[in-house]
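What follows is each chain in one-letter form.
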Amino acid sequence: MLEGIQAVNKMQPKDYRLRVLIGREEIENTVARLAREISKDYHGKQPLLIGVLKGSFMFMADLIRHLDLPVEIDLIRLSSYGSGMESSGRVKVVQGLKASVKGRDVLIIEDIVDTGRTITFLLDYLRRRKPASLKLCSLTTKPSRHLVPVSFDYLGFTIPDKFIVGYGLDLAEMFRNLPDICVLDDDGPR
Ligand code: PRP
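Presented here is an overview of the structure given in this document. On a predicted model such as this, the values are computed, not experimentally measured, just so you know.

What counts and what doesn't
Residues numbered from 1 in each chain as written. Predicted model: local features only at pLDDT ≥ 70, side-chain atom pairs only at ≥ 80, totals over all residues. Heavy atoms only, no water. Helix = DSSP H or I, 4+ residues; strand = E, 2+ residues; numbered from the N terminus. Expected span 1.5 Å × (residues − 1). Buried < 20%, exposed > 50% of the residue type's maximum accessible area, 1.4 Å probe, protein only. Contact = heavy atoms within 4.5 Å. Near = heavy atom within 4 Å. Polar contact = N/O pair within 3.5 Å; in protein donor to acceptor, adjacent residues only side chain to side chain. Areas by Shrake-Rupley, 256 points an atom, 1.4 Å probe, with all protein chains shown as cover. Nonpolar A, V, L, I, M, F, W, Y, C, P; charged D, E, K, R; others polar. Pairing = 2+ DSSP bridges. Right-handed = clockwise from strand over helix to strand, strands pointing away.

## Some thoughts on helix H2 (residues 24-41)
Part 1: In this model H2 runs 26 Å from its N-terminal to its C-terminal C-alpha over 18 residues, within 8% of the 26 Å that 1.5 Å per residue would give.
Part 2: The complete set of buried residues in H2 reads Ile-27, Thr-30, Val-31, Ala-32, Leu-34, Ala-35, Ile-38 and Ser-39.
Part 3: Those residues of H2 that are buried are in contact with strand E1 (18-22), helix H3 (57-66), strand E5 (105-113), strand E6 (133-141), strand E7 (154-158) and strand E9 (181-184).

Structure follows, in structure tokens:
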């Protein structure tokens, strides 16, 4: 396992073959659609949006620009992955919230729900802090990978069991800046 992680760490972006799975226009349309749903449902409220770092930074930045609502934002940094392609299974709070959650309408903003461990941990973590309401908005999910049941209030894309990068998502910190969501080619590294 360690050897695998070290191997990934030595790779450069140019060493990978990428294929666009969801292009930027489709992402933009879906983000706008999610923002319309959220704006309608939270009409008259000022929700606290909690982005899960690092992966959700790009999605959250685009989503809030489409919202027709006053919002407050905060960020939490959780980590469930090592530097390789598989989850370690342990979720850690790497950087906590600044805002108080008690009595707030809280909406979690995630880039991906994969096994579901991170979001299950976070929902429990936030519920214990007594929000007025708690909902989940995720840009993507891989249902075939869920190890625990997860219900989504707002969901962008259901994707196949492929490792995806781009639009905030990384492989060993590479590719977060890609404007499209891409898959690593099955042929592996060049
Ligand atoms: C990714 C992603 C989710 C989590 C989902 O975060 O942003 O938070 O994994 O995986 P799970 O459903 O299997 O728990 P990661 O830990 O890779 O950190 P990052 O966002 O900083 O890349």
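That shown, we press on.
## Brief notes about the site of the ligand
Part 1: Around the ligand, 17 residues are found, and the nearest of them are Glu-110, Asp-111, Thr-115, Gly-116 and Thr-118.
Part 2: The backbone of Gly-55 places a nitrogen or oxygen atom 2.8 Å from an oxygen atom of the ligand.
Part 3: In this structure, Thr-115 approaches the ligand through a side-chain N or O atom, which is 2.6 Å from an oxygen atom.
Part 4: Against a free-state accessible area of 490 Å², the protein chains account for coverage of 92% of the ligand.
Part 5: Among the secondary structure elements, those contributing two or more residues to the shell around the ligand are strand E3 (72-81), E5 and helix H4 (117-127).
Part 6: No other element matches E5, which puts four residues into the shell around the ligand.
Part 7: When grouped by side-chain class, the residues that make up the shell around the ligand number four nonpolar, six polar and seven charged.

## What about the pairing of E5?
Every other side chain in a regular strand lies on the same face of the sheet, so the side chains alternate between the two faces.
Part 1: With nine of nine residues buried, E5 is to be regarded as a mostly interior element.
Part 2: Pairing analysis gives four bridges linking strand E2 (residues 48-53) to E5, with the strands arranged parallel. Each residue of the ladder has a partner; that of Gly-51, found in E5, is Ile-109.
Part 3: Pairing analysis gives eight bridges linking E5 to E6, with the strands arranged parallel. Bridged to Ile-109 within E6 is Cys-137.
Part 4: Taken together, E5, H4 and E6 constitute a β-α-β crossover, and its handedness is right-handed.

Without other data, these values stay purely geometric and don't point to any function.
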